[in-house]
Amino acid sequence: QQPVQSPQAVILREGEDAVINCSSSKALYSVHWYRQKHGEAPVFLMILLKGGEQKGHDKISASFNEKKQQSSLYLTASQLSYSGTYFCGTWRNSGGGADGLTFGKGTHLIIQP
Amino acid sequence: GAVVSQHPSWVICKSGTSVKIECRSLDFQATTMFWYRQFPKQSLMLMATSNEGSKATYEQGVEKDKFLINHASLTLSTLTVTSAHPEDSSFYICSATPLAGAVYGQQYFGPGTRLTVT
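Parameters at a glance
- Residues numbered from 1 in each chain as written.
- Chains lettered and ligands numbered in written order.
- Predicted model: local features only at pLDDT ≥ 70, side-chain atom pairs only at ≥ 80, totals over all residues.
- Heavy atoms only, no water.
- Contact = heavy atoms within 4.5 Å.
- Buried area = accessible area lost by both parts, 1.4 Å probe.
- Salt bridge = Lys/Arg side-chain N within 4 Å of Asp/Glu carboxyl O.
- Polar contact = N/O pair within 3.5 Å; in protein donor to acceptor, adjacent residues only side chain to side chain.
- Pairing = 2+ DSSP bridges.
- Helix = DSSP H or I, 4+ residues; strand = E, 2+ residues; numbered from the N terminus.
- Axes fitted to C-alpha atoms, helices over the stretch in contact; angles between N-to-C directions.

Turning our attention to the interface of chain B and chain A. Taken together, the 24 residues of chain B in the interface contact 24 residues of chain A. Both faces combined, the contact of chain B with chain A buries some 1700 Å², and carbon together with sulfur accounts for 62% of it. Taken together, chain B and chain A are joined by 0 salt bridges. Run the count over chain B and chain A and you get 4 residue pairs in polar contact (both at pLDDT 80 or more).

Pasting the structure below:
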């Protein structure tokens, strides 16, 4: 089941903050956040495994709610390099089919100078 | 550490031919590798899970006879697109989970292979 990401797109000025949400109707094993620039492979940002977990590095952080159904990615004081498409990936155990990450549709983030 | 490479980076082939894409974990071993594809302006879609020493498991709707996966060693998985057609043109990306990690833990992605079928 594909996680639901919101918003679909965000346009910010450099230095502004952004929040990207990722939600699922079922509890998740893990949530993975990636950023992808056009024509390139996704770049890993962070993974959350535990309900209630919060983590971050530099000015990017993320949280995972207690029920493990919702995660948010926080971008603080955005920089031009933050531009790209952000995907959340949720682990799915299909019970016999292909197990792997199911990605949301992505959030396009544009940072303007 | 934890680098995954893919070869080739891009390939152009004629309709009806087969193309092989390699995915290698360079500095770790992985019993499980994953293959995704991404069409323009879309999200990544899981195609199959590649298991070392056993058959791959495919996502519903992915033709296993068309997308042949071989995971012959703990550092190499290959995806062969057989009888490729223009609609197979896509960005193919692999990922791998280190042996010691949880299978649902961090995955390491390769740089991707762009396939264009003419």
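Let us look at the sheet that holds strand β3 (residues 19-25) of chain B. Residue and element names in this part refer to chain B. Taken in spatial order, the 4 strands of this open sheet run β1-β3-β8-β7, and their pairing is antiparallel. Looking at strand neighbours, the two that pair on one side only are β1 (4-7) and β7 (67-73), the edges of this open sheet. Within the sheet, the average angular offset between the axes of one strand and its neighbour, ignoring direction, is 15°. With 6 bridges joining them, β3 and strand β8 (residues 76-81) adopt antiparallel strand pairing. Paired with Cys 23 across the two strands is Ser 77, which belongs to β8.

Residue and element names in this part refer to chain A. The strand order β1-β3-β8-β7-β6 describes an open sheet built from 5 strands, whose pairing is antiparallel. With partners counted over all chains shown, the strands left at the sheet margins are β1 (4-6) and β6 (54-57), one partner each. When strand polarity is set aside, the average angle formed by the axes of neighbouring strands in this sheet is 15°. Judged from the 6 bridges that link them, strand β3 (residues 18-23) and strand β8 (residues 70-75) form a sheet pairing that is antiparallel. Directly across from Val 19, in β8, lies its bridge partner Tyr 74.

Purely geometric stuff here, so don't read any function into it on its own.
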